[in-house]
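Working through the structure, step by step
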Amino acid sequence: MNEKPDQHTFKIFRDSASINFYNGIKVTDSWSKRQPHFPILHRVLNFMADRGFKVSRDPRIEKHYKILTKDHWYGRKGDLEFKAERYPVGWKIEFFQNIVFENKSGGEYDFGKFEKMPYLIKLLFLNECRHIAKFLINLEASDQTRPNYKLAEDCIKEHIVKYTIGVKFKDPSEFNLGDYVCSSSKYSSNITDRDGKVIQNGQIKYIRYYDGRLRRGRVYHHINNMWWIIFDKFGYSNYASFELFDPKPEDFRVRRIKKEYLDRKKKLQEASTTELINELKRRGKRAG
């Protein structure tokens, strides 16, 4: 698409649950020019506040990095949260939730934020993005968001066409995933699974999902050591090669124990006798 040199554009990334805005100014010129996208972000934040978000400065930045406070915001509407950040060539709003998350520091730091969102929070996120997109278009920003494919295979084909080096296809409709052959890698760790087996496109592999359960799917090479895995007609995700495996009997018998329990168990094992006695008293038991 042809663009004017300073045309404002934005993209909505569903996987990472973010909106990225670009001001069209070259990085080399960004510090010497006025930042025309700053007032646009302020208008978007005010628009979000009108739609029910409680918007304020990012409390973590304000506490630990006060000099950066003017460039960071935090907001929340129900269980949908966001953090916004502006920089010389644009700004970003990243949504997340803290109901279902994998990273011990919270949903803000998870990969696959949209995938982990409970159903109603997903609907809220999609609805807010739709309204923000219309608002930005009314401000004459160009929507550069990738097409929203519903089927998992179509999503992955679009990724392959757009981002994989050496692929000859120019359109996702030009090929079937079954015909896609990944380029060989000189790094064996990029194409070997948990047990050192070479992974082939189209194979069925298992992963340990973030909730501890086993899930299976058909895999296709992405970049470096990352692989797409299709779980069903609509569901897919991205995993490192060493996270893929052919299951053994013990994999079906054992569900991953929650990390919080393991951390607590380790802490108790390393505790002094006095600490253990106090722990027993807390539990209402007598030390022998």
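Quick caveat: nothing in here was measured; it's all calculated off a predicted structure. (Residues numbered from 1 in each chain as written. Predicted model: local features only at pLDDT ≥ 70, side-chain atom pairs only at ≥ 80, totals over all residues. Heavy atoms only, no water.)

1. A short note on the nonpolar core
Counting residues in hydrophobic clusters, the biggest one holds 29 residues, and the most contacted among them are Val44, Met48, Trp91, Ile93, Phe95 and Leu136. Considering each element in turn, this core owes the most residues, seven residues, to helix α4 (residues 119-138). Core analysis: the next-biggest nonpolar cluster, separate from the first, contains 12 residues, Ile160, Phe175, Tyr180 and Tyr220 among them. (Core = buried A, V, L, I, M, F, W, Y, C linked by side-chain atoms within 4.5 Å. Buried < 20%, exposed > 50% of the residue type's maximum accessible area, 1.4 Å probe, protein only. Helix = DSSP H or I, 4+ residues; strand = E, 2+ residues; numbered from the N terminus.)

2. Observations concerning the pairing of strand β1 (residues 9-13)
Side-chain positions along a regular strand alternate between the two faces of the sheet. In this sheet, strand β2 (residues 18-22) lies alongside β1 in antiparallel orientation, the contact comprising five bridges. For isoleucine 12, the partnering residue across the bridge sits in β2 and is isoleucine 19. Between β1 and β2, which follow one another and run antiparallel, lie four residues, and alanine 17 among them has a positive phi close to 55°. Bridge count for β1 against strand β7 (residues 142-143) is two bridges, and the pairing is parallel. (Pairing = 2+ DSSP bridges.)

3. Notes on the pattern of salt bridges
Under the counting rule described, the total for this entry stands at 16 salt bridges. Between aspartate 195 and arginine 194 there is a salt bridge whose closest N-O contact spans 3.4 Å. With a relative accessible area of 34%, aspartate 195 lands in the partly exposed category. What emerges from the salt-bridge pattern is a single network uniting Arg194, Asp195, Arg208, Lys248 and Asp251. (Salt bridge = Lys/Arg side-chain N within 4 Å of Asp/Glu carboxyl O.)

4. Description of a nonpolar patch on the surface
On the surface, a cluster of nonpolar side chains totalling about 330 Å² of accessible area is made up of Tyr65, Ile67 and Leu68. Assignment of secondary structure puts tyrosine 65 in the loop between α2 (59-64) and β4 (72-77). (Patch = residues over 30% accessible without salt bridge, like charges linked within 9 Å, V, L, I, M, F, W, Y side chains within 5 Å. Areas by Shrake-Rupley, 256 points an atom, 1.4 Å probe, with all protein chains shown as cover.)

5. Some thoughts on the sheet that holds strand β3 (residues 54-57)
Strand order in the open sheet made by the seven strands is β3-β4-β5-β6-β2-β1-β7, with mixed pairing throughout. Bordering the open sheet on either side are β3 and β7, each of which pairs with just one other strand. Looking at chain direction, strand β5 (residues 80-87) and strand β6 (residues 90-96) are connected through seven bridges and run antiparallel. Each bridged residue has a counterpart across the sheet, and for glutamate 81 the counterpart in β6 is phenylalanine 96.

6. Looking at the sheet that holds strand β11 (residues 236-240)
Spatially, four strands are ordered β8-β9-β10-β11 in an open sheet, and the strand pairing comes out antiparallel. The open sheet has two edge strands, β8 (204-208) and β11, and neither has a second partner. Neighbour-to-neighbour, the strand axes of this sheet turn through a mean angle of 50°, independent of strand direction. (Axes fitted to C-alpha atoms, helices over the stretch in contact; angles between N-to-C directions.)

7. Describing unusual backbone geometry
Backbone geometry at alanine 17 places phi at a positive 55°, although glycine is not the residue there. The topology assignment puts alanine 17 in the loop between β1 and β2. Judged by its relative accessible area of 0%, alanine 17 is buried. The phi angle at asparagine 224 is positive, at roughly 50°, despite the residue not being glycine.

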